[in-house]
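Chain and residue survey
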Amino acid sequence: LSVYENQLRTMGYDKTPDIILEVPVAVEGHIIHWIESKASFGDDHSHRTYLNEQFWSYWNRFGPGLVIYWYGFIEELDCQRDRGILLKDCFPTDIITLCHATELEQLSESQKEDKE
C-alpha cells in the first residue's frame, strides 16, 4: 500500500517523495517509509542539492527513505544510510515487507485452525 505524489499534493503537501509507503518495508536491513526516483545520474553536486532541497525534508516529515538514481551514482554518496537515506540504482529485489497487527492476528488464527 502506498500513497502517490499526486495524492499527497491534493492533501496539501508541497514537495513530496514519489511514493510514501503506508506500511514500511526493509531494504538491506534499513526501514524505508518513502521512495524517490530520479531519472538521472547521482553526481556530487546534484545529490547534495537534492539532499538539501528534498531528501532531508522528506526524512523530517516521513522518516527514512530510499532514493533510486536510474543511471547510477557515485558510490561514496551512499553515506547517509545510518541517518536514514539509502541510495540504489534500481528497484531493490530484497524487500522485506512488514505486516499490520491485524494481518499478524489473522495469520495466528489460521495457524491455530490448522493445528486443530
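See the structure shown above.
For the structure given in this document, a descriptive report is provided here. (Residues numbered from 1 in each chain as written. Predicted model: local features only at pLDDT ≥ 70, side-chain atom pairs only at ≥ 80, totals over all residues. Heavy atoms only, no water.)

Observations concerning the pattern of salt bridges
Taken as a whole and judged by the stated rule, the model has five salt bridges. For Asp 44, the salt bridge is made with Arg 48, and the minimal N-O distance between the two is 2.2 Å. With a gap of four residues between them, Asp 44 and Arg 48 both fall in helix H2 (residues 44-62), about one helical turn apart. Between Arg 81 and Asp 78 there is a salt bridge, with the nearest N and O atoms lying 2.8 Å from each other. A single network of salt bridges, built from pairs that share partners, joins Glu 28, Asp 78, Arg 81 and Lys 88. (Salt bridge = Lys/Arg side-chain N within 4 Å of Asp/Glu carboxyl O. Helix = DSSP H or I, 4+ residues; strand = E, 2+ residues; numbered from the N terminus.)

With respect to a nonpolar patch on the surface
Together, Phe 41, Trp 70, Tyr 71 and Ile 74 make up a nonpolar patch on the protein surface, roughly 460 Å² of accessible area in all. In this structure, Phe 41 sits in the loop between strand E3 (30-38) and H2. (Patch = residues over 30% accessible without salt bridge, like charges linked within 9 Å, V, L, I, M, F, W, Y side chains within 5 Å. Areas by Shrake-Rupley, 256 points an atom, 1.4 Å probe, with all protein chains shown as cover.)

Concerning the packing of aromatic side chains
The final tally for this structure, using the stated rule, is seven aromatic pairs. Judged by centre distance (5.7 Å) and plane angle (35°), the ring pair of Tyr 50 and Phe 55 falls under tilted. Members of the aromatic cluster, each reached through a chain of ring pairs, are Trp 34, Tyr 50, Phe 55, Tyr 58, Tyr 69 and Phe 73. The ring of Tyr 50 has Lys 38 sitting right over it, with the charged end atom 4.0 Å from the ring centre. (Phe/Tyr/Trp six-rings, centres within 6.5 Å; stacked < 30°, edge-to-face > 60°. Lys NZ or Arg CZ within 6 Å of the ring centre and 35° of its normal.)

Focus on the nonpolar core
Counting 13 residues, the largest nonpolar core has Trp 34, Phe 55, Val 67, Tyr 69, Ile 85 and Leu 87 as its most contacted members. At the level of elements, H2, strand E4 (65-69) and strand E5 (85-88) are the ones that each hand at least two residues to this core. Ranked by the residues each element gives to this core, the list is headed by H2, at five residues. The next biggest cluster of nonpolar side chains, apart from the first, holds eight residues, and it includes Val 27, Ile 32, Ile 35 and Ile 68. (Core = buried A, V, L, I, M, F, W, Y, C linked by side-chain atoms within 4.5 Å. Buried < 20%, exposed > 50% of the residue type's maximum accessible area, 1.4 Å probe, protein only.)

Considerations on the environment of Lys 88
Following the sequence through the fold, Lys 88 ends up in strand E5. What makes Lys 88 buried here is its relative accessible area of 16%. Placed 13 residues apart in sequence, Lys 88 and Glu 75 show a C-alpha to C-alpha distance of 9.5 Å. With residues up to four places along the chain from it excluded, the contact list for Lys 88 reads Glu 28, Leu 66, Val 67, Ile 68, Tyr 69, Phe 73 and Arg 81. Only 2.6 Å separates the side chain of Lys 88 from the side chain of Glu 28, close enough to count as a polar contact. (Contact = heavy atoms within 4.5 Å. Polar contact = N/O pair within 3.5 Å; in protein donor to acceptor, adjacent residues only side chain to side chain.)

Thoughts on the environment of Ser 40
Among the structural elements, Ser 40 can be located in the loop between E3 and H2. Each C-alpha atom of the pair Ser 40 and Tyr 69 lies 5.8 Å from the other, and the pair is 29 residues apart in sequence. Ignoring any residue separated from it by four or fewer positions in sequence, one finds Ser 40 in contact with Tyr 50, Tyr 69, Trp 70, Tyr 71 and Gly 72.

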